[in-house]
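# Fold and contact review
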Amino acid sequence: IASVSKLITSAAIMKLVEDGKISMDQKVFGTNGVLGTTYGTQPYNQYVTDITITELLHHTGGSWGQDNDPAFFDISQGKPAIINYTLDNIPLKTVPGSSFDYSNFGYMLLSEIVEKVSGKSYNQFVNDEIWSKTGATHSSIAGSKRTDKLGTEAIYYGQGTDAPYVYTMNLSRGDGAMGWLSTPSDLLRFATAVDSSITRPDILSPSTIKTMVTTTATSIGFGFHFGCGWVVEGNEWFWWGSLPGTFAMLYRNGNGICVAATANSRLQPNPENALNSFFGVINFIAFQNDIPWQSIDQFE
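Residues numbered from 1 in each chain as written. Predicted model: local features only at pLDDT ≥ 70, side-chain atom pairs only at ≥ 80, totals over all residues. Heavy atoms only, no water.

### Describing empty space enclosed by the protein
Scanning the model with the defined rule gives two cavities of 30 Å³ or more in all. In this structure, the largest cavity spans a volume of roughly 70 Å³. Along its surface, the largest cavity is lined by 13 residues, and Leu56, Gly61, Gly62, Trp64 and Ser103 are the ones closest to its centre. Among the residues forming the lining of the largest cavity, the class breakdown is three nonpolar, eight polar and two charged. Estimates place the volume of the second largest cavity at around 30 Å³. Gly143, Lys145, Asp148, Lys149, Glu153, Tyr156 and Tyr167 together form the lining of the second largest cavity. Among the residues forming the lining of the second largest cavity, the class breakdown is two nonpolar, one polar and four charged. (1 Å grid on protein atoms, 1.4 Å probe; cavity = no way out; pocket = protein on both sides within 12 Å on 5 of 7 lines; lining within 4 Å. Points joined across faces, edges and corners; volume = space filled by probe spheres on them. Nonpolar A, V, L, I, M, F, W, Y, C, P; charged D, E, K, R; others polar.)

Following this line, the structure appears as structure tokens:
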């Protein structure tokens, strides 16, 4: 589900915040940071010890993103190695919190925070605190090779310039940013458990969910306002994921209807156009007033 994974990671961090294990404004690196001095060489480069959890969640952690995102550096390296390399060799160009820079690497760091604070693997914590509590049973960290395919998992196909890059990504390393495998049903179980609706029980408190979907003055990118992982435009919360061979979407619409969809390819050379077209079709259906939506728990 590519970057829809960030919504899962956001909820995992929110759970730790709700339980008082961490705070949104807590520093990430340095003597008083959540990850301490485990990674990189002391002294750190400029601004590194200024990064906070909320800045990673809002994509305002500095300049480790978009065209210079360490999440896509040397896929042969494991997560500790790529974090060490980044801290030592990729200086931050902007003050954390001052500007938007969409960062997969930032969400890799957040998954490390989940592990450090919870004492569990990121995968296990999410399974315990999110998937199992919502009844989701078909979600796991994805394999990177076709030989890793699970029994009912789709085969992924690359179109155009994507073709050489399908099955070439280190998805386990990018777990919290882009690594989850899921289904529309499981994604909807998750969405309806963090949507502030009374129709199904939420796994986070109302105040925590409010924090999750609160934007900042600088968390604006691609023409959208970002909360913690989610784009938040009024009562509409959403985000999508897109990688060679796959894309996914998850919407919490303002009318209370949540929508999820996945596909095992994406159109090239302009995958965003395909995504936007797909969203338009799905949300047209979601807002059709003449559809007799059933007033029952669809997951029972």
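### A word on the pairing of strand E8 (residues 258-263)
One ladder, built from six bridges, connects strand E7 (residues 246-252) with E8; its direction is antiparallel. Residue pairing for E8: methionine 249 is matched across the bridge by alanine 261. Turn length for the E7-E8 hairpin, with the two strands adjacent in sequence and antiparallel, is five residues, and the turn residue glycine 256 shows positive phi of about 95 degrees. (Pairing = 2+ DSSP bridges. Helix = DSSP H or I, 4+ residues; strand = E, 2+ residues; numbered from the N terminus.)

### Some thoughts on the packing of aromatic side chains
Geometrically, a pair of aromatic rings is defined through the distance of the ring centres and the angle of the planes. If you walk through the whole model with that rule in mind, you get 22 aromatic pairs. Measuring from centroid to centroid gives 5.7 Å for phenylalanine 224 and tryptophan 240, while their planes differ by 80 degrees, and the two rings are edge-to-face. Separated by 16 residues along the polypeptide, phenylalanine 224 in strand E4 (residues 224-225) and tryptophan 240 in strand E6 (residues 236-243) bring together distant segments of the chain. With 4.6 Å between their ring centres and 5 degrees between their planes, phenylalanine 238 and tyrosine 251 make a pair best called stacked. On the criterion of sequence distance, the pair formed by phenylalanine 238 in strand E6 and tyrosine 251 in strand E7 is long-range, its members being 13 residues apart. (Phe/Tyr/Trp six-rings, centres within 6.5 Å; stacked < 30°, edge-to-face > 60°.)

### Some points on the environment of valine 4
Relative to the helices and strands, valine 4 is located in the segment before helix H1 (5-18). Along the backbone, valine 4 and leucine 181 are 177 residues apart, and their C-alpha atoms lie at a distance of 9.7 Å. Every residue in contact with valine 4, bar those within four places of it in the chain, is listed here: Leu187, Trp239, Trp240, Gly241, Ala248, Met249 and Leu250. (Contact = heavy atoms within 4.5 Å.)

### Things to note about the sheet that holds E6
Strand order in this open sheet of four strands is E5-E6-E7-E8, and the pairing throughout is antiparallel. In this open sheet, the two edge strands, each paired with only one partner strand, are strand E5 (231-233) and E8. Along the sheet, successive strands turn relative to each other by an average axial angle of 15 degrees, direction set aside. Across seven bridges, E6 lies against E7 in antiparallel orientation. Across the sheet, tryptophan 240 pairs through a bridge with methionine 249, a residue of E7. Those strands touched by helix H7 (residues 184-191) are E7 and E8, and its axis lies near 150 degrees from that of E8. (Axes fitted to C-alpha atoms, helices over the stretch in contact; angles between N-to-C directions.)

### A word on the nonpolar core
Considering soluble globular proteins, one finds that nonpolar side chains tend to be buried as a cluster. In this structure, Trp64, Ile113, Phe190 and Leu250 are the most contacted members of the largest nonpolar core, which totals 88 residues. Excluding its chain neighbours within four sequence positions, the residues that come into contact with leucine 250 are Val4, Leu7, Leu187, Leu188, Phe190, Ala191, Trp230, Trp237, Phe238, Trp239, Val259 and Ala260. (Core = buried A, V, L, I, M, F, W, Y, C linked by side-chain atoms within 4.5 Å. Buried < 20%, exposed > 50% of the residue type's maximum accessible area, 1.4 Å probe, protein only.)

### Comments concerning the pairing of E6
Along E6, seven of the eight residues are buried, which leaves the element largely enclosed by surrounding structure. One ladder, built from three bridges, connects E5 with E6; its direction is antiparallel. From the neighbouring strand, glutamate 233 faces E6, where its bridge partner is glutamate 236. The hairpin formed by E5 and E6 contains two residues between the paired strands, and glycine 234 there has a positive phi angle of roughly 65 degrees. Counting the residues that bridge the hairpin from E6 to E7 gives two residues, and of these glycine 245 lies at a positive phi of roughly 95 degrees.

### Regarding the side chain of asparagine 170
Looking at the secondary structure, you find asparagine 170 in the loop between strand E1 (140-141) and helix H6 (175-178). Engagement of the side chain of asparagine 170 in a polar contact is seen with the side chain of serine 172, the distance being 3.3 Å. Excluding residues that lie within four positions of it along the chain, asparagine 170 makes contacts with Ile75, Gln77 and Ser144. (Polar contact = N/O pair within 3.5 Å; in protein donor to acceptor, adjacent residues only side chain to side chain.)

### With respect to the pattern of salt bridges
The full count for this structure, using the stated rule, is six salt bridges. Close ionic contact of lysine 15 with aspartate 19 constitutes a salt bridge, the shortest N to O distance being 3.4 Å. Take aspartate 19: its relative accessible area is 38%, and that puts it in the partly exposed class. Put simply, lysine 79 and aspartate 175 hold a salt bridge, and the shortest N to O gap is 2.9 Å. Placement of the pair is lysine 79 in helix H3 (residues 79-89) and aspartate 175 in helix H6, with a sequence separation of 96 residues. Assessed through its relative accessible area of 8%, lysine 79 is described here as buried. (Salt bridge = Lys/Arg side-chain N within 4 Å of Asp/Glu carboxyl O.)

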